[in-house]
Amino acid sequence: MLELDAAEILRPPSTDDTERSGTSGPEAAFRAARPGLSGPAAPARARRRESFPMGPESRAFKRRFFRDASRAEWDDWRWQARNRLRTLAQLERVFTLTEDEREAIRRHQGALPVGITPVYAALMGLDDPSEPLRRTHVPVGAEYLRSPGEADDPLGEDSHAPVPGLVHRYPDRVLFLATAFCSTYCRYCTRSRLVGEVGGDHRFAYAQWEKALAYIAATPTVRDVLISGGDPLTLGDDKLDWLLGRLKAIPHVEFVRIGTKVPVVLPQRITRGLLAVLRRHRPIWMSLHFTHPKELTVETSEACDRLADAGVPLGSQTVLLKGVNDDAAVLKALFHGLLRRRVRPYYLFQCDPITGSAHFRTPVEKGIEIIRALRGHTSGYAVPTYVIDTPGGGGKVPLLPDYVVGRDGEDLLLRNFEGRLYRYHDPGGRIGRALATGSAEPC
Ligand code: SF4
């Protein structure tokens, strides 16, 4: 059985190219057994060197820690993936670690390993443990504390999986977990129980993909497939091409979404080859996982530009994180920057209660306060929907500041973004009746 694992992208490019597109070996056997695999297994598709812009943070970081790497290597997403900071020794070479961080890294076992691409590490506070992006990727001791309400699978995904790796929670759409691999590992990851544990309990293999595809094909209510993981854009072009082609061949699947952090943490992955695959299978929508305005780099901008130019509609998903981005000014800067890059802020998530995440969670009021500070004060396009993904698999519940003050006869009483009261004539309406209208001042 061929497993879709880290080895795929960690292989040296020379052998990788041969195996990926060759005419013998397991990949060829896989192709032969699957006539739907589009495109030739073509030596002619040998990788061309692709240049990628390099921002000042990357330049300084490379000069300091990867002086011997060539510019071509730095621009190669496989080189970035192979040179991720993963071990205590590699992290210590770059970061001044606190004793708490050092101990947390030493203690780590199982899923959600440490992994940070050089291009992303370049944005982090190397000597500052409180720097926002570093906090999201370098483990601390609090990760090992279990707080009330936390669970390894808080959204009950495993119990809503009709076949392994496919979550069917809403009537018309499914979540297709295509890989357990990510190029970087976020310490607050909802799927921390499974990501990075290649060959563990969650095995992502072609046989599993086939079962998921068979389920979708046999379930005509499914019109929308979200491919996530792990990070699906860490898969090679051929595998993505094959998977997208198979999904597109199912008549009732109207469109496919891809959830990814790759354009942020491994932007060099947005290659000509990948764009050709995405174009071939459109419409494909993409949800990009952004956290902080520091991520709006030269490289990330290029990745978003390439995707948007290829006709991929882009939305962002951001997790609200204590001490990282729980500030209206910070998020406003992020959302404005995303719009300038043609990415529509889509969801702001309350942090899921995964085990060991209490140090990241804010009270829910904080999220509502942030939305109140944005709504009306900036373009509506810059205001995402704030949601709680309800524990146990209840789905997403949107949360809004309460703008309905009450009712006065046939008038609905509303408070606008400036705190002023307004009436809307709403004969026969019931909204606001239950509220204490006596406390509402007529405007
Ligand atoms: S990139 Fe996404 S799937 Fe991977 S660790 Fe981060 S949140 Fe989890």
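Quantities reported herein were computed from a predicted structural model and do not represent experimental measurements. (Residues numbered from 1 in each chain as written. Predicted model: local features only at pLDDT ≥ 70, side-chain atom pairs only at ≥ 80, totals over all residues.)

Details of the overall build of the protein chain
In step 1: Of regular secondary structure, the protein chain possesses 17 helices and 12 strands.
In step 2: Across the 443 residues of the protein chain, 41% fall into the buried class. (Helix = DSSP H or I, 4+ residues; strand = E, 2+ residues; numbered from the N terminus. Buried ≥ 20, exposed ≤ 12 C-beta atoms within 10 Å, placed from the backbone.)

Regarding the packing of helix H12 (residues 237-248) against helix H14 (residues 272-280)
In step 1: Contact pair H12 / H14: the axes reach a minimum separation of 10 Å and the direction vectors enclose 5°. In terms of orientation, H12 lies roughly parallel with respect to H14. For the pair H12 and H14, contact is made by Asp237, Leu240, Asp241 and Leu244 and by Gly273, Leu274 and Val277, respectively.
In step 2: Looking at the contact of H12 with H14, its residues break down into 4 nonpolar, 1 polar and 2 charged. (Axes fitted to C-alpha atoms, helices over the stretch in contact; angles between N-to-C directions. Parallel < 35°, antiparallel > 145°, perpendicular 65-115°, else oblique. Contact = placed C-beta atoms within 7 Å. Nonpolar A, V, L, I, M, F, W, Y, C, P; charged D, E, K, R; others polar.)

A look at the site of the ligand
In step 1: In the vicinity of the ligand, the residues found are Cys182, Tyr185, Cys186, Cys189, Arg191, Val195, Gly229, Gly230, Asp231, Lys261 and His289.
In step 2: Considered class by class, the residues forming the shell around the ligand number 5 nonpolar, 3 polar and 3 charged. (Near = placed C-beta within 6 Å.)

Focus: the sheet that holds strand S4 (residues 255-260)
In step 1: Pairing is mixed across the open sheet formed by 9 strands, whose spatial order is S1-S2-S3-S4-S5-S6-S7-S8-S9. For this open sheet the edge positions go to strand S1 (166-170) and strand S9 (395-398), each flanked by a neighbour on one side alone. On average, adjacent strands in this sheet sit at an angle of 30° to one another, irrespective of strand direction.
In step 2: Judged from the 7 bridges that link them, strand S6 (residues 314-320) and strand S7 (residues 343-350) form a sheet pairing that is parallel. Looking at S7, one finds that Val319 is bridged to Phe349. (Pairing = 2+ DSSP bridges.)

Description of the confidence of the model for the protein chain
In step 1: Scored by pLDDT, the protein chain has a mean of 88; 86% of the residues are at 70 or more.
In step 2: Low confidence marks residues 10-44, where pLDDT is under 50. Its contacts with residues over four positions away, or in another chain, come to 39 contacts.
In step 3: For residues 439-443, every residue scores under 50 in pLDDT, and the model assigns this stretch 11 contacts once sequence neighbours within four places are set aside. (pLDDT = per-residue confidence, 0-100.)

Some details on unusual backbone geometry
In step 1: Residues Gly229 and Gly230 are joined by a peptide bond in cis, for which omega reads 20°.
In step 2: Among the structural elements, Gly230 can be located in the loop between strand S3 (224-228) and H12.
In step 3: Residue Pro283 is bonded to the preceding Arg282 through a cis peptide linkage, with omega at 10°.
In step 4: The topology assignment puts Pro283 in the loop between H14 and strand S5 (284-289).
In step 5: Here the phi dihedral of Leu112 falls at roughly 50°; this positive angle occurs in a residue that is not glycine.
In step 6: Inspection of the secondary structure assignment puts Leu112 in the loop between helix H8 (99-107) and helix H9 (118-121).

Concerning the sheet that holds strand S12 (residues 421-425)
In step 1: In spatial order, the strands read S10-S11-S12; together these 3 strands make up an open sheet with antiparallel pairing. Bordering the open sheet on either side are strand S10 (404-408) and S12, each of which pairs with just one other strand. For this sheet the average axis-to-axis angle between neighbouring strands, irrespective of direction, equals 25°.
In step 2: Note: S10 against strand S11 (residues 411-415), 4 bridges, orientation antiparallel. Opposite Gly406, over in S11, you have Leu413 as the bridge partner.

Considering the packing of helix H16 (residues 328-340) against helix H17 (residues 364-374)
In step 1: It is the contact of H16 with H17, at a shortest axis distance of 10 Å, that shows an interaxial angle of 60°. By the criterion of interaxial angle, the relationship of H16 to H17 is oblique. Between H16 and H17 lies a crossing of right-handed hand. Judged by residue contacts, Ala328, Leu331 and Lys332 of H16 engage Ile370, Ala373 and Leu374 from H17.
In step 2: Split into classes, the residues belonging to the contact of H16 with H17 amount to 5 nonpolar, no polar and 1 charged. (Left-handed = near helix turned anticlockwise from the far one by under 90°.)

Topic: H14
In step 1: Along H14, the residues that are buried comprise Leu274, Val277 and Leu278. Along the axis of H14, the buried residues cluster in a sector spanning 95°; they form a single face. Exposed residues lying more than 90 degrees from the buried face of H14 are Arg272 and Arg279.
In step 2: The inward-facing, buried residues of H14 contact H12 and S5. (Arc of directions from axis to C-beta.)

Some remarks on the environment of Ala214
In step 1: The residue Ala214 is located in helix H11 (residues 206-217) in this model.
In step 2: Here Ala214 falls in the exposed class, since 12 other C-beta atoms lie within 10 Å of it.

Focus: the environment of Lys396
In step 1: Inspection of the secondary structure assignment puts Lys396 in strand S9.
In step 2: Among residues more than four places away in sequence, those in contact with Lys396 are Val387 and Asp389.

As for the nonpolar core
In step 1: Within the largest apolar cluster, 89 residues are counted, with the highest numbers of intra-cluster contacts made by Val174, Phe176, Tyr188, Val195, Val225 and Val256.
In step 2: When residues of this core are assigned to their parent elements, the largest contribution, 5 residues, is made by H12.
In step 3: Excluding anything up to four places from it in sequence, Phe176 contacts Leu166, Ala212, Val225, Leu226 and Ile227. (Core = buried A, V, L, I, M, F, W, Y, C linked by C-beta atoms within 7 Å.)

Describing the pairing of S6
In step 1: Here S5 pairs with S6 via 4 bridges, running parallel. Of the residues in S6, the one forming a bridge with Met286 is Leu314.
In step 2: One crossover worth recording links S5 to the parallel S6 by way of helix H15 (residues 298-309), and it is right-handed.
In step 3: In this fold, S6 hands off to H16, which returns the chain to S7; that crossover is right-handed. (Right-handed = clockwise from strand over helix to strand, strands pointing away.)

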